Each structure stands twice: as structure tokens, then as C-alpha cells.
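Here is how the chains run, residue by residue.
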Amino acid sequence: MQTQAIINHIVLWLKNYATQAKVKGYVVGISGGIDSAVVSALCAKTGLDTLCITLPIRQAPDQLQRANAHIAQLCAQHPNVRAHNQDLTPTFEQFERSVSGSRPQDDALAMANTRSRLRMTALYYFGQINGLLVAGTGNKVEDFGVGFFTKYGDGGVDVSPIADLLKTQVYELAKELGIHADIITATPTDGLWDTERTDEQQMGASYPELEWAMAQVAQGKSREQFTGRQQEVFDIYVRLNRMAQHKIQPIPVCHIPTDLFQAA
Ligand SMILES: NC(=O)c1ccc[n+]([C@@H]2O[C@H](COP(=O)([O-])OP(=O)(O)OC[C@H]3O[C@@H](n4cnc5c(N)ncnc54)[C@H](O)[C@@H]3O)[C@@H](O)[C@H]2O)c1
Ligand SMILES: Nc1ncnc2c1ncn2[C@@H]1O[C@H](COP(=O)(O)O)[C@@H](O)[C@H]1O
Ligand SMILES: O=P(O)(O)OP(=O)(O)O
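In the nomenclature of an unreviewed UniProt entry, the protein is known as NH(3)-dependent NAD(+) synthetase of Alysiella filiformis DSM 16848. As recorded by UniProt, the Sequence similarities (unreviewed entry) comment attached to the protein reads in full: "Belongs to the NAD synthetase family." Its UniProt record gives the protein the following Catalytic activity (unreviewed entry) comment, quoted word for word: "deamido-NAD(+) + NH4(+) + ATP = AMP + diphosphate + NAD(+) + H(+)".

Some points on the UniProt feature "domain: NAD/GMP synthase" (unreviewed entry) in the protein
Per the UniProt record, the feature "domain: NAD/GMP synthase" (unreviewed entry) sits at residues 6-249. Between the end C-alpha atoms of residues 6-249 there is a gap of 26 Å, over a span that is 56% helix and 8% strand.

Here's the deal with the pattern of salt bridges
In the structure shown here, the tally under the stated rule is 12 salt bridges. Asp-35 is paired through a salt bridge with Lys-167; the nearest N and O atoms lie 2.8 Å apart. With Asp-35 in helix H2 (residues 34-44) and Lys-167 in helix H7 (residues 167-177), the pair connects residues that are 132 residues apart, well separated along the chain. In terms of burial, Asp-35 and Lys-167 fall into one category: buried. When the shortest N-O distance is used, the salt bridge between Arg-103 and Asp-107 registers 2.7 Å.

Considerations on the packing of helix H1 (residues 3-21) against H7
Put simply, H1 and H7 touch, their axes get as near as 10 Å, and they point 90° apart. Between H1 and H7, the angle falls in the class roughly perpendicular. Contacts between H1 and H7 involve Thr-3, Gln-4, Ile-6, Ile-7 and Ile-10 from the first element and Glu-172, Leu-173, Glu-176 and Leu-177 from the second. For the contact of H1 with H7, the residue count by class is five nonpolar, two polar and two charged.

Examining the environment of Leu-173
Relative to the assigned elements, Leu-173 resides in helix H7. The exposure class assigned to Leu-173 is buried, which follows from its relative accessible area of 0%. Residues Leu-173 and His-78, spaced 95 residues apart in sequence, show a C-alpha to C-alpha distance of 18 Å. Those residues in contact with Leu-173 that lie beyond four places of it in its chain are Met-1, Thr-3, Ile-6, Ile-7, Ile-10, Val-38, Leu-42 and Leu-165.

Conventions adopted
Residues numbered from 1 in each chain as written. Chains lettered and ligands numbered in written order. Predicted model: local features only at pLDDT ≥ 70, side-chain atom pairs only at ≥ 80, totals over all residues. Heavy atoms only, no water. UniProt positions renumbered as here; feature names shortened; annotations may be inferred. Helix = DSSP H or I, 4+ residues; strand = E, 2+ residues; numbered from the N terminus. Salt bridge = Lys/Arg side-chain N within 4 Å of Asp/Glu carboxyl O. Buried < 20%, exposed > 50% of the residue type's maximum accessible area, 1.4 Å probe, protein only. Axes fitted to C-alpha atoms, helices over the stretch in contact; angles between N-to-C directions. Parallel < 35°, antiparallel > 145°, perpendicular 65-115°, else oblique. Contact = heavy atoms within 4.5 Å. Nonpolar A, V, L, I, M, F, W, Y, C, P; charged D, E, K, R; others polar.

Below you can see the structure in the form of C-alpha cells.
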């Protein structure tokens, strides 16, 4: 692929969108992972205000360290980049305490998604007070393949600059953008759990495998055409994609038959 041309295309797209929306630039949550590193580097290259925010919630120190090193690198390279750290751990723990009377034995998934939604709330707060839009970090496999994001959490964004790129293509952009090797080699994780769970552990397949399955489905292939691990991955992808339709499709609206608007 033409990596540099794709970078230029996205940077121009971000610039034009911000100009039309009459905003000063973008705010991006920085996790120490590849997607947010690439999106923030693209925003930085627009020359527009770019606010990079770390939002730790009982976060693993190595993730925060990678995030801070990335932000420091961007700030050194671009005068339009600013940094902010907002520890959301006390907010999250207050939330945990306030729902403690209603908590079932296992609400780990609901709490994981709560972390993501608290981050979204903080990003919109800092976006609004600074005249910035929230730049999303979802890629094509996460957003339109397996729906591996939190609805109204990290899925709640104003623009999606890399959502037409597969995860492997995001890595190509990262190399071209000079993203630090520590981020490029980090294992993808959503960092939403108290004990580490990589994306691959959660989904049961790696991103390259899921991309392969996404392509097979797009070509109209069926599970019977595969055996062994390929069939397993195909099934995982199809199951996750089916379960995520409510996030991939527009929110269902209950349409009212027009005759019901007439007097009875
Ligand atoms: N990019 C990442 O790596 C990343 C980021 C955040 C979350 N995640 C992962 O993504 C997963 C998110 O979990 P999830 O999908 O259960 O949470 P979600 O909150 O995104 O979606 C579940 C919610 O959607 C609604 N819903 C469910 N079925 C529906 C339907 N048929 N129609 C309309 N609404 C419906 C319900 O309100 C339900 O609580 C987790 O495994 C989390 O770890 C990954
Ligand atoms: N700790 C974090 N600080 C700021 N922003 C974060 C943090 N963790 C996640 N984010 C944002 O959410 C998306 C999705 O995160 P996953 O790690 O893939 O779940 C990430 O790209 C950041 O923008
Ligand atoms: O969204 P990020 O930046 O956290 O990347 P990853 O999901 O690869 O950890």
C-alpha cells in the first residue's frame, strides 16, 4: 500500500474536517497502544491543536510509561501538541462504591465497559472546554469486523480517522510515522481489566487471523470451505461479527406509522 500517501490523505481529511466544523483541533486518549499512538501522530501532523490525554484507571505502569514517552516524543516534534494527565482511578473507585449495593458476583465486563465510558466522558469534557473534537482510534477490524470496542465508550467519538484501515495496516503507518518500537511491539490489550487480558486472549484469535476471516466472509466463503484452525478462526469471526451487529448498524429507531399521527 502507499503508506505515505495514506498518511497525507488522513492528515488532510482531519484538517478539512476541523476547519469545516470550526474547531481548533482534536483530543485523543493515549493508552500506550498502537492505535492511539498512530491517531495522535496523525492529528499532530495537521498542525492543529492536538491534546493528548492519559486517563489511567488502575493502569499497568508499563502502559502508562509507553503512553507518556509517546506524548513526550510528539510534544518535542510538534509545537501544536499539548499533554494532560487525568487519573480517573478515584472517579472509577467512587463509582464502584456507589453501585456496591447492587453488584452481582460477576460484573467484571460491566465494570470494564464502565472504565471505557468514563474515559469517553473525560475526553468529551476536555474536548468541549478546549474547542476540540474527540478523535477515535478504532480500526476496521475492531469497528466493523468483531465489534471489539465499548458502545458509547471508546466507540463514542466525533471522527474515525483510521477506521478504514486493518490493524496490520495501522502497524505500517506506525512504522512510517516513527512511532516508538516499544509501542509497535506491545501486545494489543484493551487495558480494561484488573488482571491483564490481551485482545487475542479475549477474542480467541489474533488480528491477522481475524483480518483473514473478514476477507473470506467478504468474498462470500463459508465455513465448510475450511478445516482445522482456519475453520475455528472463521467461526470465531462470524460469531463475534453477529454479536456486534447492534454496534455496527445504526441504532434502531421505532418508527411510528403515519396514520397514528392523525386524530383518532
Ligand atoms: N479496542 C479495544 O481493544 C477495546 C476497547 C473497549 C472494549 N473492548 C472490549 O470490547 C468488549 C465490549 O463488551 P460488550 O460488547 O459486551 O459491551 P458493549 O457495552 O459495547 O455492548 C453491550 C451492550 O450493548 C447493548 N446491547 C446488547 N445487545 C444489543 C442488541 N441486540 N441491540 C441493542 N443493544 C444491545 C446492551 O446495552 C449491552 O450492555 C469487551 O470484551 C471489552 O473488553 C475492547
Ligand atoms: N489509559 C488510557 N488513557 C487514555 N486513553 C485511553 C486509555 N486506555 C484506552 N484509551 C483510549 O481508548 C482507546 C481504546 O483503548 P483500548 O486500549 O484499545 O481499549 C485507545 O485507543 C485510547 O484512545
Ligand atoms: O487502541 P490502543 O491505542 O490502546 O491500541 P491497542 O488496542 O493495540 O492496545
